[in-house]
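Remarks on the overall topology
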Amino acid sequence: MTLLEIESLDAGYGDLQVLEDVDMSVEDGEYVTIVGPNGAGKSTVMKSIFGLTNYMGGVVAYRGDEIQDSTPEQVIHRGLGYVPQSDNVFPTLTVQENLEMGAYILDEVPEDALADVFERFPILRERRDQRAGTMSGGQQQMLAMGRALMLDPDLLLLDEPSAGLAPDLVVETFDKVDEINDGGTAILMVEQNAKEALGRCDRGYVLVQGQNRFEDTGDALLGDDEVRQEFLGG
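Before going into details, it helps to say that this report is about the structure given with it. Predicted model only: the values in this text are computed from it and were never measured.

**Here we look at the pairing of strand β6 (residues 80-83)**
Burial of β6 is two-sided: the residues Leu80 and Tyr82 facing one way and the residues Gly81 and Val83 facing the other way are all buried. Two strands pair when backbone bridges link them, and β6 and strand β7 (residues 155-159) are joined in this way by four bridges, in the parallel orientation. Looking across to β7, one finds that Gly81 is bridged to Leu156.

**Quick notes on helix α4 (residues 111-120)**
Those residues of α4 not exposed but buried are Ala113, Leu114, Val117 and Phe118. Looking straight down α4, one finds that the buried residues subtend no more than 140° of arc, so they occupy a single side. Facing away from the buried side of α4 by over 90 degrees, the exposed positions are Glu111, Asp112 and Glu119.

**Concerning a negative patch on the surface**
On the surface, Glu97, Glu100, Asp107, Glu108, Glu111, Asp112, Asp116, Glu119, Asp129 and Asp152 cluster together into a patch of negative charge. Of all the elements, α4 adds the most residues to the negative patch, at four residues. Looking at the element boundaries, Asp116 is found in helix α4.

**Some details on the pattern of salt bridges**
Summed over the entire model, instances satisfying the criterion amount to eleven salt bridges. The residue Lys176 makes a salt bridge to Glu179 at a minimum N-O spacing of 3.9 Å. Linking Lys176 with Glu179, this pair stays in helix α7 (residues 167-182), spanning three residues, or about one helical turn. Judged by relative accessible area, which is 12%, Lys176 ranks as buried. Taking the relative accessible area as the measure of exposure, Glu179 reaches 36% and is therefore partly exposed.

**Looking at the sheet that holds strand β2 (residues 16-27)**
Sheet architecture is open: four strands sit in the order β2-β1-β4-β5, paired in antiparallel fashion. The open sheet terminates on both sides in strands that have one partner only, identified here as β2 and β5 (65-66). Relative to strand β1 (residues 2-13), helix α1 (residues 42-49) is tilted by about 110°, and along the sheet it contacts β1, β2 and β4 (54-62).

**Focus: the side chain of Arg147**
Summarising the element assignment, Arg147 is placed in helix α6 (residues 137-148). Buried and without a salt bridge, Arg147 has Asp87 as its closest oppositely charged side chain, separated by 10 Å. In this structure, Arg147 is in contact with Asn88, Val89, Phe90, Asn98, Leu99, Met101 and Gly102, ignoring residues within four places of it in sequence.

**Quick word on the sheet that holds strand β9 (residues 203-208)**
Reading across from one edge, β6-β7-β8-β3-β9-β10 is the order of the six strands in this open sheet, with mixed pairing throughout. Edge positions in the open sheet fall to β6 and β10 (211-217), since each of these has one partner strand only. The sheet shows a mean angle of 15° between the axes of neighbouring strands, taken without regard to direction. Pairing analysis gives six bridges linking β9 to β10, with the strands arranged antiparallel. Bridging across to β10, Gly204 finds its partner in Asp216. On top of the sheet, α6 reaches β6 and β7; it is set at about 165° to β6, its chief contact.

**Things to note about the packing of aromatic side chains**
Using the criterion set out here, one finds two aromatic pairs in the structure. Relative to Tyr82, the ring of Phe50 has its centre 5.0 Å away and its plane inclined at 40°; by these criteria the two rings are tilted. Placement of Phe50 in the loop between α1 and β4 and of Tyr82 in strand β6 is noted, with a sequence separation of 32 residues between them. Owing to a relative accessible area of 14%, Tyr82 belongs among the buried residues under this scheme.

**Describing the side chain of Asn88**
Take Asn88: it is sitting in the loop between β6 and α3 (95-101). Here Asn88 is in contact with Val83, Gln140, Gln141, Ala144 and Arg147, once residues within four sequence places are set aside.

**Some points on α1**
With respect to burial, α1 is a largely interior element, six of its eight residues being buried. Those residues of α1 lying buried are Lys42, Thr44, Val45, Met46, Ser48 and Ile49. Two residues or fewer past α1, Gly51 is found with a positive phi of approximately 80°.

Reading the values: rules and limits
- Residues numbered from 1 in each chain as written.
- Predicted model: local features only at pLDDT ≥ 70, side-chain atom pairs only at ≥ 80, totals over all residues.
- Heavy atoms only, no water.
- Buried < 20%, exposed > 50% of the residue type's maximum accessible area, 1.4 Å probe, protein only.
- Helix = DSSP H or I, 4+ residues; strand = E, 2+ residues; numbered from the N terminus.
- Pairing = 2+ DSSP bridges.
- Arc of directions from axis to C-beta.
- Patch = residues over 30% accessible without salt bridge, like charges linked within 9 Å, V, L, I, M, F, W, Y side chains within 5 Å.
- Areas by Shrake-Rupley, 256 points an atom, 1.4 Å probe, with all protein chains shown as cover.
- Salt bridge = Lys/Arg side-chain N within 4 Å of Asp/Glu carboxyl O.
- Lys, Arg positive; Asp, Glu negative; His and termini not counted.
- Charge placed at Lys NZ, Arg CZ, Asp CG, Glu CD.
- Contact = heavy atoms within 4.5 Å.
- Axes fitted to C-alpha atoms, helices over the stretch in contact; angles between N-to-C directions.
- Phe/Tyr/Trp six-rings, centres within 6.5 Å; stacked < 30°, edge-to-face > 60°.

This is the structure we're talking about:
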């Protein structure tokens, strides 16, 4: 079943158009990665799905319902989670308070969801009373993902989850994304570490100057000579 369908999307900020005629899709349980050069519009795709850009045309549909005019809160209610690249934790709140904020649309915090997050990210259980702003970058990224999982989304949007992390933490972060996907949550991820991301995902898109350039399985994109030379460093 198709969870997310983007057709001929035009979007940007104010009068500035960043995306032009973009098509993408994510199937139920699928792991999809968007790669491309800086300034290609990758993060704008994520923000457009979540209602954070100026919509200029096209369709964004979730489970067959058009959501391009929805607010972020309405999108969350539909079963999507979003982890932005930066400023993705509340630094003055504790780990547990951050996680509880992930369930703010509910009447009470689901204890089973909290237990699931602590099981998936044991370091968060250990640091549950620590203020998020005092944690390492890798720990903050895990906290941001954990908070997004508090509502058990069917689709998780991840914007550059490995950005700024030490090499060993990059692998650990990707492993956690794999585990989330293995648990049944579909993933749409923007990632600069293109080789690692394409080596793990089901399908990938290469975005260039706000437009689709390539689409194929992750392995096929890794094996494409043009993709390797232009976007993967040979």
